[in-house]
Amino acid sequence: MARPSSSSSSMAIFALAFLVIFTSSSSAQLSTNFYSKSCPKVFTAVKSVVQSAVSKERRMGASLVRLFFHDCFVKGCDGSILLEDTSSFTGEQTAGPNNNSVRGFNVVAKIKSQVEKVCPGIVSCADILAIAARDSTVILGGPNWNVKLGRRDSKTASLSAANSGVIPPPTSTLSNLINRFKNKGLSVKDMVALSGSHTIGQARCTSFRARIYNETNIDSSFAATRKKSCPFPGPSGNSKLAPLDVQTPTAFDNNYYKNLINQKGLLHSDQVLFNGGSTDSLVRTYSSNSKTFNSDFAAAMIKMGDIDPLTGSHGEIRKICSKPN
């Protein structure tokens, strides 16, 4: 048998190398069946803890959705928001958008513990956040979707990244919101749909005081009600809570958009979505068509979950969500 020429053997090596590179990059993509063989009980394990937590406190569902959002917007969906400070880095939990505001870490720890019992060392904390956000939405009456999985956990976190303005503050203008979401690969429609997560949850007085006292595009009786527990100028009452959706504060529905049309958006960044600008028509659509809102919200959550995940050999699978291995 003739020996292959050096050129043909080098071609074969190149083809093999290309194949390896190609398959490793394609296998690094997220998929809905990532744990179908390695941890088929992951969904049951997560849901049992989320169900228990939300039945004790409905607000926790909103908190878990928000944790996922605040994680994904800072250096991608990598579970970095869950990391407590270490000697080598200061984490994201004390950053402006998160301090005394994000919550649910204890629930995530319980979920991780439950998942570890079923299949130790397999499921990432980043994926747990993605599943918990979906389960919370469904339990509170919102849409279901198939969660894409396969994220790995970061080994570090960044206070400066969380403070860099990537998470839109409650004082955001419409253009500010559009640009911050666009920077993460999310469209205007995604942004307006994801804002609809404010159909659940609560906000602190400090985040809406300026709106209820200074702004004119607000229903006067709504503002008067909010002022009762949020005195001006503060700091008294700073931590007093008010529902983001005044109609059905613990149900996932489209009333958030109806509130905006009636000038009852609690945050400045809520009401800018319906204030004579480019997103008014989307708000009208969602206010009158809950099916469209639900499907757009689910699609936007899937897209948000695709933001810069660590896959393949990057990152790690944390044993405890609050600290690197």
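Named according to an unreviewed UniProt entry, the chain is Peroxidase originating from Salix suchowensis. UniProt's Catalytic activity (unreviewed entry) comment on the chain is quoted here verbatim: "2 a phenolic donor + H2O2 = 2 a phenolic radical donor + 2 H2O".

Asker: Can you tell me about the layout of surface pockets, naming the residues and giving the values?
Answerer: The space that makes up the largest pocket amounts to roughly 910 Å³. Along the wall of the largest pocket there are 43 residues; nearest its centre are Arg66, Phe69, His70, His198 and Leu267. At the level of secondary structure, the elements contributing two or more residues to the lining of the largest pocket comprise helix H3 (59–72), helix H7 (174–182), helix H8 (188–195), strand S1 (202–204), helix H9 (205–214), helix H12 (268–271) and helix H14 (290–304). With seven residues, the top contributor of residues to the lining of the largest pocket is H3. Considered class by class, the residues forming the lining of the largest pocket number 22 nonpolar, 15 polar and six charged.

Asker: Tell me what's going on with the UniProt feature "domain: Plant heme peroxidase family profile" (unreviewed entry) in the chain, and back it up with residues and numbers.
Answerer: UniProt annotation of "domain: Plant heme peroxidase family profile" (unreviewed entry) refers to residues 29–325 when read in the numbering used here. Taken as a whole, residues 29–325 contains 44% helix and 2% strand, while its terminal C-alpha atoms sit 24 Å from one another.

Asker: Just give me the short version of the packing of aromatic side chains, but keep the residues and values in it.
Answerer: Taken as a whole and judged by the stated rule, the model has 13 aromatic pairs. Ring geometry for Phe34 against Tyr35: centres 5.0 Å apart, planes inclined by 90°, an arrangement best described as edge-to-face. A residue is classified by how much of its surface remains accessible, and Tyr35, at 3% relative accessible area, is buried. Among the aromatic residues, those joined into a ring-pair cluster are Trp145, Phe252, Tyr256, Tyr257, Tyr286, Phe293 and Phe297.

Asker: Help me get a handle on the state of the cysteines, residues and values and all.
Answerer: A complete count under the given rule lists four disulfides for this structure. Across the disulfide, Cys72 is cross-linked to Cys77 (sulfur-sulfur distance 2.1 Å). Between Cys72 and Cys77, the disulfide has an S-S torsion of 120° and is therefore right-handed.

Rules of the game
- Every chain is numbered on its own, with residues counted from 1 as its sequence reads.
- Residue-level local features of this predicted model are given only where pLDDT is at least 70; pairs of side-chain atoms are given and counted only at 80 or more, and the full residue set underlies all totals for whole chains, interfaces and linings.
- Hydrogen atoms and water are omitted, and side-chain values are computed over all heavy atoms in the structure.
- UniProt positions are given in the numbering used here, feature names are shortened, and annotations may be inferred rather than shown by experiment.
- Think of a 1 Å grid over just the protein atoms. A cavity is a set of points where a 1.4 Å probe fits yet cannot get out, a pocket is an open set with protein on both sides within 12 Å along at least five of seven lines, and lining residues have an atom within 4 Å of a point.
- Grid points are joined across faces, edges and corners, and a volume is the space filled by probe spheres set on the points.
- Strands here are runs of E lasting at least two residues and helices are runs of H or I lasting at least four, both read from the DSSP assignment and numbered beginning at the N terminus.
- For this scheme, ten residues count as nonpolar: Ala, Val, Leu, Ile, Met, Phe, Trp, Tyr, Cys and Pro. Four count as charged, namely Asp, Glu, Lys and Arg, and the remainder, Gly too, count as polar.
- Put simply, two rings from Phe, Tyr or Trp (the six-membered ring, in Trp's case) pair if the centres are within 6.5 Å, and we call them stacked under 30 degrees between planes, edge-to-face over 60, tilted for the rest.
- Classification of residues uses two cut-offs on accessible area relative to the type maximum, computed with a 1.4 Å probe and protein chains only: under 20% is buried, over 50% is exposed, and between them is partly exposed.
- Defined by distance alone, a disulfide is two cysteine sulfur atoms within 2.5 Å.

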